[in-house]
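Listed below are the residues making up each chain.
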Amino acid sequence: MKNVTMKDIADRLNISTVTVSKALSDKDGVSNELRDKIKSIAEEMGYRYNSLAKGMKEGRSYNIGILIADRFIRDDGDAFYLKMYQGVVKALSKVNYYGIMEIISSDSEKKAALPNILSDNKVDGIIILGQMNLNYVNLIKNTAMPLVLLDFYDELLDVDAIISDSFYGSYEITNYLISQGHREIGFVGNIFSTSSILDRYLGYYKALISNGFIVREDWILNDRSEEGEYIDFKLPDQMPTAFVCNNDGVAYLFMNKLKKLGYNVPSEISVVGFDNDIVASISIPKLTTVEVDIEAMTETAVDVVIQKISGVKLTIGRKVITGKLIHRDSVAKLERKTDKLDHKIKEGLKQYI
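Residues numbered from 1 in each chain as written. Predicted model: local features only at pLDDT ≥ 70, side-chain atom pairs only at ≥ 80, totals over all residues. Heavy atoms only, no water.

Engineer: Would you explain the overall build of the protein in this entry?
Structural biologist: Counting its regular elements, the protein contains 14 helices and twelve strands. Here the protein, with 353 residues, has 52% of them falling under the buried criterion. Across the protein, every contact between residues at least 6 apart in sequence was considered, and the portion connecting residues at least 24 apart equals 69%. Summed over its atoms, the accessible surface of the protein is roughly 16,900 Å², and 49% of this surface lies on carbon and sulfur atoms. (Helix = DSSP H or I, 4+ residues; strand = E, 2+ residues; numbered from the N terminus. Buried < 20%, exposed > 50% of the residue type's maximum accessible area, 1.4 Å probe, protein only. Contact = heavy atoms within 4.5 Å. Areas by Shrake-Rupley, 256 points an atom, 1.4 Å probe, with all protein chains shown as cover.)

Structure, rendered in structure tokens:
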């Protein structure tokens, strides 16, 4: 016999699953009359409401839902998000909670279909990992479930978010390339794909213009489609001497592309990444990158969502966690062209060291 879900109840009453969720969880936003009707229909249809609702009133499920879009865990180089998921689960175990991951398909995200862990009333709070469509995040927010975003944010969303310092990290690693003599530097990443890629591009952009270097449009290379699928890199006719890649997985793929075309990395073209993912240490050459403090990010996200579940009226806005630059072999030092220019760069960097 098929388990009855909140969607089944919603379809029966011609209302939204969000309304059903609020009613069965005794949350605000539903009239007493409609709440009683929803509970009555739920019981009639055999929904597992009585035990779940009782558990909600007497205690908690001690489960946290972790939602992630399937595009972030289906491609090469995406072990970063699995590592972050492990960090969340580890942080939850310290406070006697469990993590339930649900992978959200692109179709469900576009249609704003409520995830099963919410439809079945299985969790006390939600952590969304990676990046989600604005309408989808608003769907989750409107259930009044304690919610935290991890590794992304949106200016249009009034939701607490824990992010890495993508802007400064990219600014710092681009300045490192400049300090090694590079004057022509490109960027690899679809800047409209995620908030972190955009911030990393902006950090790269600031480093270049702060040092008086040009930002060439043909040196900004796309790495993925609008759906998040990796695409082949289209290289410019005139190549720069270095590239800043938006993450280590992309940097790994990009270095392989360069090597297949006959370029030597790093003597001809230097490449840097971001995240300090596993591929950064196993690639040849090993990647210079920015290490994201996954432990601090995941522990902060768990702390915030648990406080919200406990009834603490907490608003943190956007919490930024700083990473650190990791020097490895993928950057070659170029010959200096003028001592005067080098002196100017060094003086400009002093305030950030």
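Picking up where we left off.
Engineer: Got a minute to help me understand the environment of Tyr47 in this structure?
Structural biologist: Examined against the element boundaries, Tyr47 turns out to sit in the loop between helix 3 (32–45) and helix 4 (49–58). By relative accessible area, Tyr47 is classed as buried at 7%. Sequence spacing of Tyr47 and Met6 is 41 residues, and the spatial spacing of their C-alpha atoms is 8.1 Å.

Engineer: I would appreciate a short explanation of the pairing of strand 3 (residues 125–129) in the present structure.
Structural biologist: When a strand is regular, its side chains alternate between the sheet's two faces. With respect to burial, strand 3 is a largely interior element, five of its five residues being buried. Where burial is concerned, the two faces of strand 3 agree: the one with Gly125, Ile127 and Leu129 and the one with Ile126 and Ile128 are both buried. Looking at chain direction, strand 1 (residues 63–69) and strand 3 are connected through five bridges and run parallel. Bridging across to strand 3, Gly65 finds its partner in Ile126. Direction of pairing for strand 3 relative to strand 4 (residues 147–150): parallel, over a ladder of four bridges. Its bridge partner lying in strand 4, Ile126 is registered against Leu147. One crossover worth recording links strand 3 to the parallel strand 4 by way of helix 8 (residues 134–141), and it is right-handed. (Pairing = 2+ DSSP bridges. Right-handed = clockwise from strand over helix to strand, strands pointing away.)

Engineer: Please clarify how the layout of surface pockets should be interpreted in this entry.
Structural biologist: A probe matching the size of a water molecule, rolled over the atoms, marks out where space remains unfilled. Empty space within the largest pocket amounts to approximately 610 Å³. Along the wall of the largest pocket there are 22 residues; nearest its centre are Arg71, Gln131, Asn133, Phe192 and Ser193. At the level of elements, helix 6 (106–111) and helix 10 (195–210) are the ones that each hand at least two residues to the lining of the largest pocket. Considering each element in turn, the lining of the largest pocket owes the most residues, three residues, to helix 6. In terms of residue class, the lining of the largest pocket is made up of six nonpolar, nine polar and seven charged. (1 Å grid on protein atoms, 1.4 Å probe; cavity = no way out; pocket = protein on both sides within 12 Å on 5 of 7 lines; lining within 4 Å. Points joined across faces, edges and corners; volume = space filled by probe spheres on them. Nonpolar A, V, L, I, M, F, W, Y, C, P; charged D, E, K, R; others polar.)

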